[in-house]
Amino acid sequence: MEIVKLMIDGKPVEVEKNTTILKAAKSIGIDIPTLCYFQLKDMGIENRPGGCRICVVEVAGRRNLAPACTTAVAPGMEVNTHNIRVLNARRTVLELILSDHPAECLTCAKSGNCELQSIAQQFGVREIPYQGAQSTYRKDTSPAIIRDIDKCIMCRRCEMMCNDVQTVGALSAINRGFMAVVAPAFEMNLEKSPCTYCGQCVSVCPTGALTEVDHSRNVINALADPTKTVVVQTAPAVRAALGEEFGLEPGTLVTGKMVAALRRLGFTYVFDTDFAADLTIMEEGSEFLDRLTRYLKGDKKVKLPILTSCCPGWVNFFEHNFPDLADVPSTAKSPQQMFGPIAKEYFAKKLGIDRKNMIVVSIMPCLAKKYECQRDEFKVNGDPDVNFSISTRELAQLIKQANIDFISLPDEDFDNPLGASTGAGVIFGNTGGVIEAACRTAYELYTGKKLEKVEFNELRGMENIRHATLDFDGLPVNIGIAHGLGNARKLLDDVRAGNSEFHAIEIMACPGGCIGGGGQPYHHGNSEILKKRAAAIYREDAGKPIRKSHENPFIIELYKEFLGKPLSEKSHHLLHTHYFDKSAATFIEG
Amino acid sequence: MAHIKLSERKLQELKEVCKSFNNDKGELINVLHKAQGIFGYLPAELQEVIAKELNVSVAHVYGVVTFYSFFTMTPKGEHPISICLGTACYVRGAEKVLEEFKRVLNVQVGETTPDGKFSLSCLRCVGACGLAPVVMVGEKVYGRVSPDGVKDIIAEYNS
């Protein structure tokens, strides 16, 4: 390892060769402002097109200012990050960017979270001296994501996420010069593109160019309608991140306050998607065991590995890219979509109300869930099983609008029966969590023995692709895990080629799993936030009295009273789905 | 966008071209060059085929096609007209000749007449500066063209 010595702002620095000036400066506490640059440390995610020029610095002996994010350090280099020449250049760059940016901060969905806005504040910009043409582009609204390209500053972060990390390929920079925009092929709407609605473009967009479709008004209207019983379900990852919106330290669990807030918002029943996650384990775990035992008995037709199917971004991805493998994923619906029919076909009947008079709202860390609940196969006579899905961010907005002092709320408990859950349901929020939960149940059902240690630490972590072999009482079970769709693609290519060594694979579309979902509070590239959320999820699991899905007493009761057993006819009807081939979906109508 | 049926023979030729570049995504620009040579332009359907062959996203292919002005998604006319706007032609009045073509054909540069007969483009120097201003129709070169002569040139192809 070669060490380079240089001076930054008169201070000596020693860093590894090939380090950028930006990182070298950061190592001694100098924060050079950036805009297009983006990094999720330790996750292999970096964007540094060197395009915005906000990070320029002066390097002694160089005629031009150098972008700190793309310029490597050199021995003896003398860097100045804030002399008058640098400050003036930086300000001019920012003023030019702002001259082609709509001054709509008052009504912009990103206000308060916008990186362009904070840099303008940091620089103390009070007027924009440049006036000229402003780009105008139509607003594109898909079922989950809104593209408002007039607010795009061409940082290319979304493109990096969509292409390099997720390998979805929905977005690309097109045209050139002033006409350049980021768009799907042929400037079609996002809905026509191979977009999976994973929302990772939204989670990294520095401005309001990419945002979620906001359904919180629909929720307010439903809550105001006296003829409706409004039921809410909250996904596991929400409780580990919602607190951030109220200034709490990342990783603070706010389960109890969240329940209290939802009750104060007026939801009649506050339930938990974790309950449905336990149900998912019953169905998906049984399906896995069914395939595994048939395979062990020599059935050559059985499809292994089985793939988890609870992530709607992932489902969209394989429908577009791997439709030939449509019989490989589990047919189990996602927890959100299992909750819907259980609420409307089981719980509504218990209450003696018509399903049309029940509104099911889900709070999700996810934008693909918005699309998922609008899918036709998840409706009965036009009535969706889940009416509206809102993000963690939208929930925070609702709580603030309702004058609820979130921080001082007491902890309250979920309602029964659909609010009772186990630790297995909670860990669905982390990469590796679904398969860990499934193994807790599958182990006991397969071996008939009690699992002494419920934690499968070998399945945890943040590495892009992980694998482990678990010992099911003598039977080695090979588990694969991928988070991020680009990593998923690698495992899927192996499955397609017949080279996969796994019996079961868990896939989550978002880096980190649901805790890093496109609907979560913005992390602004701080991967520590994701790690703290993940740790919080495992803490919640560790604190639960019951940690295996099949031991959830309300799940046991649900099967006894209503479903029969896992994979029963009723279960198949209500809790399982099928997949579509979307590969032929072309941009060209005709 | 209307759907276009691409000729099977030309598609085969294109696939051979991709193969000759080892279906390497790094050769996208070269493949697009050849594809435009074969088809005359790069319709959306063609870009989808190229994306598939080179295993890149259609959005990326479209991004490259729209970045370089050489690439076009509009079919060229039966008789592509190019007006040289190189220095020699320019100082001898090529711009007026261009204006006249635009007026008579009622199209802008880069467009094709609705009957598909003529398309209009500009180029820089065909190496015949002694004949400036120069106009090319297909492979045929016209020298010392004046705005008055434009109608006659068009008439040659309209009979």
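Rules used in this analysis
Residues numbered from 1 in each chain as written. Chains lettered and ligands numbered in written order. Predicted model: local features only at pLDDT ≥ 70, side-chain atom pairs only at ≥ 80, totals over all residues. Helix = DSSP H or I, 4+ residues; strand = E, 2+ residues; numbered from the N terminus. Rg over C-alpha atoms; globule rule 2.2 N^0.38 Å. Contact = placed C-beta atoms within 7 Å. Buried ≥ 20, exposed ≤ 12 C-beta atoms within 10 Å, placed from the backbone. Pairing = 2+ DSSP bridges. Axes fitted to C-alpha atoms, helices over the stretch in contact; angles between N-to-C directions. Core = buried A, V, L, I, M, F, W, Y, C linked by C-beta atoms within 7 Å. Right-handed = clockwise from strand over helix to strand, strands pointing away. Parallel < 35°, antiparallel > 145°, perpendicular 65-115°, else oblique. Left-handed = near helix turned anticlockwise from the far one by under 90°. Expected span 1.5 Å × (residues − 1). pLDDT = per-residue confidence, 0-100.

**Examining the overall build of chain A**
- Each helix and strand in chain A was counted, giving 18 helices and 22 strands.
- Relative to a compact globule of 590 residues, whose C-alpha radius of gyration would be 25 Å, chain A shows 25 Å and is just as compact.
- Seen along its three principal axes, the alpha-carbon backbone of chain A occupies a region of about 75 × 60 × 55 Å.
- Here the contacts in chain A between residues at least 6 apart in sequence split such that 74% fall between residues at least 24 apart.

**Regarding the overall build of chain B**
- For chain B, the helix and strand inventory stands at seven helices and four strands.
- Listed by position from the N terminus, the elements making up chain B come as α-α-α-α-β-α-α-β-β-β-α.
- Along the longest, intermediate and shortest principal axes, the C-alpha atoms of chain B span 50 × 30 × 25 Å.
- Residues classed as buried in chain B amount to 30% of the 159 residues present.

**Description of the sheet that holds strand S14 (residues 269–272) of chain A**
Residues and elements named next belong to chain A.
- Pairing is parallel in the open sheet, where four strands are placed in the order S14-S13-S16-S19. Only two strands of the sheet have a single neighbouring strand rather than two, namely S14 and strand S19 (388–391). Strand-to-strand, the axes of this sheet are offset by a mean angle of 25°, without reference to chain direction.
- Sheet analysis places strand S16 (residues 358–364) next to S19, joined by four bridges and oriented parallel. In the sheet register, Ser362 faces S19, and the bridge partner there is Ser389.
- Helix-sheet contacts for helix H8 (residues 273–296) involve strand S13 (229–234), S14 and S16, and the interaxial angle to S14 is about 40°.
- Helix-sheet contacts for helix H10 (residues 335–351) involve S13, S16 and S19, and the interaxial angle to S16 is about 150°.

**A short note on helix H7 (residues 255–265) of chain A**
- Taken residue by residue, H7 of chain A has Thr255, Lys257, Met258, Val259, Ala261, Leu262 and Leu265 of chain A as its buried positions.
- Structurally, H7 of chain A contributes buried residues whose contacts are with helix H6 (216–224), S13, S14, helix H12 (392–401) and helix H16 (527–542) of chain A.

**Brief notes about the environment of Val134 of chain B**
Residue and element names in this part refer to chain B.
- By secondary structure assignment, the location of Val134 is in the loop between strand S2 (118–123) and strand S3 (135–137).
- What makes Val134 buried here is the crowd of 27 C-beta atoms within 10 Å.
- For the pair Val134 and Arg92, spaced 42 residues apart in the sequence, the C-alpha separation amounts to 9.7 Å.
- Val134 has contacts with Cys84, Cys89, Val126, Ala128, Val141, Tyr142 and Gly143, leaving out every residue within four places of it along the chain.

**Side note on the nonpolar core**
- The biggest cluster of nonpolar side chains holds 189 residues, and the ones touching the most others in it are Cys158, Cys201, Val231, Val232, Trp314 and Ala509 of chain A.
- Sorting elements by how many residues they give to this core places H8 of chain A first, with nine residues.
- Discounting residues that sit within four places of it in the chain, Trp314 of chain A has contacts with Leu485, Ala488, Ile507, Met508 and Ala509 of chain A.
- Core analysis: the next-biggest nonpolar cluster, separate from the first, contains 17 residues, Ala94, Phe118, Val134 and Val150 of chain B among them.

**Some points on the pairing of strand S21 (residues 475–483) of chain A**
Residues and elements named next belong to chain A.
- With eight bridges joining them, strand S20 (residues 465–472) and S21 adopt antiparallel strand pairing. By the bridge assignment, Arg466 is partnered in S21 with Ile481.
- Count of turn residues in the S20/S21 antiparallel hairpin: two residues, of which Asp473 carries a positive phi of about 55°.
- Note that S21 and strand S22 (residues 504–508) share five bridges and pair parallel. Opposite Ala482, over in S22, you have Ile507 as the bridge partner.
- Once the chain exits S21 it traverses helix H15 (residues 485–497) before rejoining the sheet at S22, and the crossover so formed is right-handed.

**As for the packing of H8 of chain A against helix H14 (residues 433–447) of chain A**
All names here are of chain A.
- Packing of H8 against H14 leaves a shortest axis separation of 9 Å and a crossing angle of 55°. One element, H8, and the other, H14, form an angle in the oblique class. Handedness of the H8/H14 crossing: right-handed. Residues Ile281, Glu284, Gly285, Phe288 and Leu289 of H8 form the contact with H14, whose own contacting residues are Ala437, Ala438, Thr441, Ala442, Leu445 and Tyr446.

**Description of the sheet that holds strand S1 (residues 3–8) of chain A**
All names here are of chain A.
- Judged by pairing direction, the sheet is mixed, and its five strands sit side by side in the order S2-S1-S7-S5-S6 without closing on themselves. One side of each edge strand has no neighbouring strand; the edge strands of this open sheet are strand S2 (11–16) and strand S6 (66–67).
- For strand S5 (residues 56–59) and strand S7 (residues 78–80), the ladder comprises two bridges, and the chain directions are antiparallel. Following the sheet pairing, Glu58 is matched in S7 by Asn80.
- Against the sheet, helix H2 (residues 84–99) makes contact with S5 and S7, and its axis sits at roughly 155° relative to S5, the strand it touches most.

**Describing the packing of H8 of chain A against H10 of chain A**
Residues and elements named next belong to chain A.
- It is at 8 Å that the axes of H8 and H10 come closest, and there the two elements cross at 100°. As far as their axial angle goes, H10 and H8 are roughly perpendicular. Seen from H8, the contacting residues are Thr273, Ala276, Ala277, Leu279 and Thr280; seen from H10, they are Pro335, Gln336, Met338, Phe339 and Ile342.

**With respect to unusual backbone geometry**
All names here are of chain A.
- Cis geometry is found at the peptide bond from Leu304 to Pro305, where omega equals 0°.
- As for its position among the elements, Pro305 is in the loop between H8 and strand S15 (306–307).
- That bond from Asn416 to Pro417 is cis: its omega, 5°, falls within 30 degrees of zero.
- Here Pro417 is to be found in the loop between H12 and helix H13 (423–426).
- Although it is not a glycine, Met154 sits at a positive phi angle of roughly 55°.
- Owing to 18 C-beta atoms within 10 Å, Met154 belongs among the partly exposed residues under this scheme.

**Quick word on helix H1 (residues 8–20) of chain B**
- Between its terminal C-alpha atoms H1 of chain B stretches 18 Å, which fits the 18 Å expected from 13 residues at 1.5 Å a residue.
- Backbone geometry just after H1 of chain B places Asn22 of chain B at a positive phi near 60°.

**A look at the environment of Val219 of chain A**
- Its location among the elements puts Val219 of chain A in helix H6.
- In this structure Val219 of chain A touches Val361, Phe388, Ile390 and Leu398 of chain A, once residues within four positions along its chain are discounted.

**Regarding the confidence of the model for chain B**
- Counting all residues, the mean pLDDT for chain B is 92, and 99% of those residues have values of 70 or more.
- Across the interfaces of the predicted complex, the ipTM metric reaches 0.91, alongside a pTM of 0.91.

**A few points about the environment of Val165 of chain A**
All names here are of chain A.
- By secondary structure assignment, the location of Val165 is in helix H4 (residues 157–165).
- According to the C-beta neighbour criterion, Val165 is buried, with 25 such atoms within 10 Å.
- Spatially, the C-alpha atom of Val165 lies 9.4 Å from that of Glu46, the residues being 119 residues apart in sequence.

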